[in-house]
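# A closer look at the structure
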Amino acid sequence: MKLLHTADWHLGKTLNGVNLIDDQDFILKKFLKLVDDEKPETIIISGDIYDRADPSTNAIELFDEILFKLTEKKIPVLCIAGNHDSAERLNFGSRLFANKKFFITAKTDFEPKIITIDDNFGEIYFSLIPFFEPGEIRNKFFGENAERMSFDAANKFYITEARKKIPKGKRSVAIAHVYVDGGIESDSERKFIGTAGKVSPETFFEYDYAALGHLHKPQNVFSDKIRYSGSLLKYSAKEFDHKKGFTLVELDKNGFLSAKNIELKPKHDLISISGTLAEFQARKKDDSYAYITLTDNEFVYDAAQKLREIFPNLMDAKNKSRPNSIISAPERKFRENSTILEQFSDFFESMTHRTLTENEIAALNEICGG
Ligand SMILES: [Mn+2]
């Protein structure tokens, strides 16, 4: 069986104030073309469909469009929720969509979701493991008074439950949105709350392939069979050298055969480069999303304006001796890599123009700490 594995679309994402929806639309149309060319028998989307729990209407429309086009091709699509998605919202219509072979699992269940799809050699069992907080598994299976669980313990438990429905000797694929220990993090993933957010690779050893989402760099962890397809596009300056694309996986009668990354050229590249203004001015105009570090020793007057003549999509510019941005950065509403409490207090402040009181912070701590 040929599988096409993708993840971390983050539809509706903005980067330095630039909405990437047109770039996402462009690359997903290429993805549809890739589906026509490669003719996979199953498509896997391993979470973080949207960038936010309350996605923009543009993002919802784009997902709706791509889904419709995929289901028209009559290829089964298996999809789970990631930590950026709202499980409840993404779950909408899931029972109806199953009739069209679009299988979305956004919420955990007492009986973890298994979908079987046949190829010439028989059935393949797919475990759909949506992103969950460990507390959710604890409450659901053990009760609220049970001991706290780590991400590792909760995932091990849930995947053991999932495997109970897979007959011995049958081929199987896990679809999950987790941080597998040993993977390389970028800086555009939102960290899971709590320190022990990692899951050990052994959790997936019984599967013939683990189609993972969460880490944005395409990579294997521990073996060829445990793999992140990476995000749809470069979602931070640090990702300038990532090769984004889609992962094509082949399973034969014995299980895993091969996996390779198919790189697709985006509408705009994202570059992070340094040089003097004179060097840049000698270049051709470049419409990449550009993060520039100027190496001139002397002060460059009106640098951002001059750089924009070469890089119309200038995202940020710095001078090597002055690490702060020399272009006016758009107002950032929320702190990056922040806790849920920090995110909420930023949101609260932007909505009410006042800071949280001590009582309110205490109440929130109680809610978030559970
Ligand atoms: Mn993600």
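Throughout this document, residue positions are counted from 1 along each chain, in the order its sequence is written. Under the rules for a predicted model, residues below a pLDDT of 70 receive no local features and side-chain atom pairs below 80 are neither given nor counted, while totals for whole chains, interfaces and linings still include all residues.

## Digging into the overall build of the protein
Helix numbers and strand numbers start at the N terminus; a helix is a DSSP run of H or I with at least 4 residues, a strand a run of E with at least 2. The helix and strand tally for the protein stands at 10 helices and 20 strands. What you see for the protein is a C-alpha radius of gyration of 22 Å, in line with the 21 Å of a compact globule of 370 residues. Seen through its C-alpha atoms, the protein measures out along the principal axes to roughly 70 × 60 × 35 Å. Residues counted as buried form 35% of the 370 residues belonging to the protein. What counts as a contact is two residues whose backbone-derived C-beta atoms lie within 7 Å of each other. Put simply, of all contacts in the protein between residues at least 6 apart along the chain, 66% involve residues at least 24 apart. Radius of gyration here uses only the C-alpha atoms, and the compact-globule reference equals 2.2 Å multiplied by the residue count raised to the power 0.38. Each residue is classified by how many other C-beta atoms fall within 10 Å of its C-beta atom, where C-beta atoms are placed from the backbone; a count of 20 or more means buried, 12 or fewer means exposed, and values in between mean partly exposed.

## A short note on the nonpolar core
Counting residues in each nonpolar core, the largest one holds 69 residues, and the members touching the most others are Ile129, Ala174, Ile175, Ala210 and Leu212. Setting aside residues up to four positions removed in sequence, Ile175 forms contacts with Ile44, Ser46, Leu78, Ile80, Phe126, Ser127, Leu128, Ile129 and Ala211. Put simply, a nonpolar core is buried Ala, Val, Leu, Ile, Met, Phe, Trp, Tyr and Cys residues tied into one set by C-beta atoms within 7 Å. Membership of the second largest hydrophobic core comes to 13 residues, among which are Ala290, Ile292, Leu314 and Met315.

## Looking at the sheet that holds strand S8 (residues 122–129)
Sheet strands pair via backbone hydrogen bonds, and the direction of the pair is either parallel or antiparallel. Read across the sheet, 6 strands follow the order S7-S8-S9-S12-S14-S13 without closing on themselves; strand pairing throughout is mixed. In this open sheet, the two strands that pair with only one neighbour each are strand S7 (113–119) and strand S13 (219–221). Strand-to-strand twist in this sheet, taken as the mean axis angle between neighbours without regard to direction, amounts to 30°. Angular values range over 0 to 180 degrees, each being the angle between N-to-C directions of two axes fitted as lines to C-alpha atoms, with helices fitted over their stretch in contact. On the sheet, helix H6 (residues 151–163) packs against S7, S8 and strand S9 (171–177) and is oriented at approximately 150° with respect to S8. Paired strands, as defined in this entry, are two strands with at least two bridges between them according to DSSP.

## What to know about the packing of helix H1 (residues 21–38) against helix H2 (residues 57–72)
Contact pair H1 / H2: the axes reach a minimum separation of 11 Å and the direction vectors enclose 5°. Taken together, H1 and H2 sit at an angle that is classed as roughly parallel. Taken together, the residues of H2 that come into contact with H1 (itself represented by Ile21, Gln24, Asp25, Leu28 and Leu32) are Asn58, Ala59, Leu62, Ile66 and Lys69. Our angle categories are set so that under 35 degrees counts as roughly parallel, over 145 as roughly antiparallel, 65 to 115 as roughly perpendicular, and the remainder as oblique.

## Some points on the sheet that holds strand S6 (residues 102–105)
Here we have 6 strands laid out as an open sheet, ordered S6-S5-S4-S1-S15-S16, and mixed in their pairing. For this open sheet the edge positions go to S6 and strand S16 (255–263), each flanked by a neighbour on one side alone. With direction set aside, neighbouring strand axes in the sheet form an average angle of 20°. Judged from the 4 bridges that link them, strand S1 (residues 2–6) and strand S4 (residues 42–46) form a sheet pairing that is parallel. Bridging across to S4, His5 finds its partner in Ile44.

## Concerning the pairing of S4
Of all 5 residues in S4, 5 are buried, a share of seventy percent or more. Residue alternation in S4 divides its side chains into two sets, Thr42, Ile44 and Ser46 and Ile43 and Ile45, and both sets are buried. Taken together, the 4 bridges between S4 and strand S5 (residues 77–80) define a ladder with parallel strand orientation. Opposite Ser46, over in S5, you have Ile80 as the bridge partner. At this point the chain moves from S4, through H2, to the parallel S5, and the crossover so formed is right-handed. Orient the strands so they point away from the viewer, and a crossover whose first-strand-to-second-strand path over the helix runs clockwise is right-handed.

## Some words on the packing of helix H5 (residues 134–142) against H6
Helix-helix packing is described using two parameters, namely the angle between the two axes and the distance between the axes. For the pair H5 and H6, the least separation of the axes is 8 Å and the interaxial angle reads 50°. Taken as axis vectors, H5 and H6 run oblique relative to one another. Crossing handedness for the pair H5 and H6: left-handed. Two secondary-structure elements touch here, H5 through Pro134, Ile137 and Arg138 and H6 through Phe151, Ala153, Ala154, Phe157 and Tyr158. As a working rule, the residues Ala, Val, Leu, Ile, Met, Phe, Trp, Tyr, Cys and Pro are called nonpolar, Asp, Glu, Lys and Arg charged, and the rest polar, with Gly in that last group. Looking at side-chain class alone, the contact of H5 with H6 contains 7 nonpolar, no polar and 1 charged residues. Here is the rule for handedness: rotate from the far helix to the near one, and if that takes an anticlockwise turn smaller than a right angle the crossing is left-handed, while a clockwise turn gives right-handed.

## Focus on the pairing of S9
Among the 7 residues in S9, 7 count as buried, and that is most of the element. Across the two faces of S9 the burial is the same, with Arg171, Val173, Ile175 and His177 and Ser172, Ala174 and Ala176 all buried. Bridging between S8 and S9 involves 6 bridges; their strand directions are parallel. Bridge pairing links Ser127 to Ala174 in S9. As judged from the 5 bridges shared by S9 and strand S12 (residues 209–213), these two strands associate in the parallel manner. By the bridge assignment, Ala176 is partnered in S12 with Leu212.

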